[in-house]
Amino acid sequence: MAQYDYDLFTIGAGSGGVRGSRVAAAFGAKVAVAEESALGGTCVNVGCIPKKLLVYASHYLDDFRDAAGFGWTVGPQSINWAKLIANKDNEIHRLNGVYRKLLDDAGVEIIEGRAQVLDPHTIGVNGKRYTAKYILIAVGSWPSIPTFPGSEHVITSNEAFYLPELPSKVIVVGGGYIGVEFAGIFHGLGAETAQLYRGELFLRGFDNDIRLTLADEMLKRGIDLRFKTDIAKIEKHGDILNATLIDGSVINANQILYATGRVPKTRDLGLENAGVELRQSGAVVVDPYLRSSVESIYAIGDCTDRLMLTPVAIAEGTAVANTLFNNRPIMLDYENVATAIFSAPNCGTVGLTEEQAHRREFEVDIYMSSFRPLRHTMTGSAEKTMMKLVVDRASDRVLGCHMVGPDAGEIIQGLAVAVNCGATKTQFDTTIGIHPTAAEEFVTMRTKTR
Ligand code: FAD
Ligand code: NDP
């Protein structure tokens, strides 16, 4: 008789947990996954997918406006929020079913309920105990908001996807991915939108030219973007929320969305019972093979609080499955992970920022271009696209590519392959462009900006 009920017990059927479980099962492991909420986790239910669907919805106002320059007459427009949310929900339910089928087809047992770790090889769900040779912690993260007078009135991205109606006035607090994406969504859908950030310039950690360009573009669009400010208190009067800022001024809105970061969802998970080391944030400490301080327990994705991105969680799930059940230990390389912000307009980036390159003591040449895309020669829009290459002068290697403009994520995804292959500026230059595209600018920038 087997020593354990399962070879692998995964806690959390989100991006990382589902992939890790499926791949492990494909290698012949007996696998169970516990999920306390909806299959697919944050990305499918309250993250990437519904967010991108709302981003698509928010682009139409631009398109209607731009159409006039191309000769179109577009009638009166209005957004039916209830229909948008219902259609989005239908798609999410379809995806929940796809995830169930993927797990079923892979032979992974789904256990519904909240799991807790009882010891290094035992998990409890709904009062039942299960044993496993290995436990995979893939519990994701949860929005974190500060506590202050009136903070009970704010919403997070979780609620933003299910609002009963589209607010006519919105304040978004936080200058990270979620803040800029939702400011773009609400503004694009027609809400009067303010975004507040506590520091000098939002998107800390991104290339400065991305940060400056996006700030300019958002201001041009009419988003009330305010830096070096914060909310001190909120008072609710009927449907109106009055937010008093730290300088004493008051602004109001129907909804205030806090996008002030996410924390690992490891509270009350029982990891302490097993002796798993956690950081102060609750993040599981892992080694390069994603093993925690306990030999039989691995952790992947957001709960390790490193790069909170779906493709990273997926790559980590695949890596653990290979390490444990395919005799092929995988140590992931986190350099050059490409990422996009689905703001209005989009940002895309891969590799080093100019500031990082300087900190690492590279002597760099910067190639940068800011231009009006062809489409806008007919629309009258003042929107600009920015593209930038950070090049190591000594080796000629392209260390980083950064962009603000339509489809930045789509364009940077392709360049990420080149950057990961160590492509040089000369190789970029000898690549013949596709004309007329915006992306060709990346292979035609010849003049050093600095
Ligand atoms: P999750 O996908 O969160 O899965 C964790 C699962 O564990 C959840 O289903 C949860 O219910 C379950 N769980 C937790 N505790 C327990 C327990 N005790 N017992 C049983 N089940 C449990 N990333 C991108 O790459 N691109 C994007 O465009 C993007 N957009 C985003 C937009 C928003 C609004 C948000 C919030 C995030 C976005 N992300 C995006 C980040 C991405 O969603 C996460 O990085 C990714 O989902 C992490 O995967 P995970 O497997 O670590 O966790
Ligand atoms: P981020 O960590 O990206 O940004 C948090 C923002 O909130 C920062 O501007 C931070 O400021 C600010 N902040 C933090 N604490 C406070 C506070 N107490 N008061 C006021 N402001 C505060 O978190 P998000 O919530 O935006 O997103 C979480 C993660 O989800 C992202 O980091 C990303 O990994 C992932 N994600 C990815 C997306 C994508 O790939 N397109 C989209 C959405 C989310 P400061 O910079 O000064 O610390």
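Residues numbered from 1 in each chain as written. Chains lettered and ligands numbered in written order. Predicted model: local features only at pLDDT ≥ 70, side-chain atom pairs only at ≥ 80, totals over all residues. Heavy atoms only, no water.

**Some remarks on the site of ligand 2**
As a structural note, the neighbourhood of ligand 2 is formed by 20 residues, with Gly175, Tyr197, Arg204, Met308 and Ala340 the closest of them. At a separation of 2.9 Å, an oxygen atom of ligand 2 approaches a polar backbone atom of Gly175. Between ligand 2 and Tyr177 there is a distance of 3.4 Å, counted from an oxygen atom to a backbone nitrogen or oxygen. In the complex, the protein chains occlude 77% of the 910 Å² of accessible area that ligand 2 would expose alone. No other element matches the three residues that helix 6 (residues 177–188) contributes to the shell around ligand 2. For the shell around ligand 2, the per-class residue count stands at nine nonpolar, five polar and six charged. (Near = heavy atom within 4 Å. Polar contact = N/O pair within 3.5 Å; in protein donor to acceptor, adjacent residues only side chain to side chain. Areas by Shrake-Rupley, 256 points an atom, 1.4 Å probe, with all protein chains shown as cover. Helix = DSSP H or I, 4+ residues; strand = E, 2+ residues; numbered from the N terminus. Nonpolar A, V, L, I, M, F, W, Y, C, P; charged D, E, K, R; others polar.)

**A word on the pattern of salt bridges**
Counted under the stated rule, the structure contains 30 salt bridges. Taking the shortest distance from any N to any O, the salt bridge between Glu36 and Lys265 comes out at 2.8 Å. Placement of the pair is Glu36 in the loop between strand 2 (31–35) and helix 2 (41–46) and Lys265 in the loop between strand 15 (262–264) and helix 8 (271–274), with a sequence separation of 229 residues. Exposure remark for Glu36: the relative accessible area of 40% places this residue in the partly exposed category. (Salt bridge = Lys/Arg side-chain N within 4 Å of Asp/Glu carboxyl O. Buried < 20%, exposed > 50% of the residue type's maximum accessible area, 1.4 Å probe, protein only.)

**Some words on the sheet that holds strand 21 (residues 398–404)**
Ordered in space as 17-18-21-20-19, the five strands form an open sheet in which the pairing is antiparallel. Whereas interior strands pair on both sides, the edge strands pair on one side only; in this sheet they are strand 17 (339–341) and strand 19 (364–371). Strand-to-strand, the axes of this sheet are offset by a mean angle of 10°, without reference to chain direction. Here strand 19 runs beside strand 20 (residues 385–392); their pairing, made up of eight bridges, is antiparallel. Residue Val364 lies in a different strand from strand 20, and its bridge partner there is Asp392. (Pairing = 2+ DSSP bridges. Axes fitted to C-alpha atoms, helices over the stretch in contact; angles between N-to-C directions.)

**Thoughts on the site of ligand 1**
Close contacts around ligand 1 come from 35 residues, with Gly16, Glu35, Thr42, Lys51 and Asp302 the closest. Within the backbone of Cys43, an N or O atom sits 3.4 Å from an oxygen atom of ligand 1. Within the backbone of Thr310, a nitrogen or oxygen atom sits 3.0 Å from an oxygen atom of ligand 1. For ligand 1, whose accessible area on its own is 1000 Å², the fraction buried by protein is 93%.

**Focus on the state of the cysteines**
Enumeration over the complete set of coordinates arrives at zero disulfides. Counting only cysteine sulfurs, Cys43 is the nearest neighbor of Cys303, a cysteine outside any disulfide, at a range of 16 Å. Sulfur of Cys421: no disulfide; nearest cysteine sulfur belongs to Cys401 and is 12 Å away. (Disulfide = S-S within 2.5 Å.)

**A look at the packing of helix 1 (residues 15–26) against helix 4 (residues 81–106)**
Axis separation between helix 1 and helix 4 bottoms out at 9 Å; the angle between their running directions is 25°. Between helix 1 and helix 4, the angle is such that the two are roughly parallel. Helix 1 and helix 4 meet at a crossing whose hand is left-handed. Of helix 4, the residues touching helix 1 (which contributes Val18, Ser21, Arg22 and Ala25) are Tyr99, Leu102, Leu103 and Ala106. (Parallel < 35°, antiparallel > 145°, perpendicular 65-115°, else oblique. Left-handed = near helix turned anticlockwise from the far one by under 90°. Contact = heavy atoms within 4.5 Å.)

In short, shape yes, function no, at least from these values alone.
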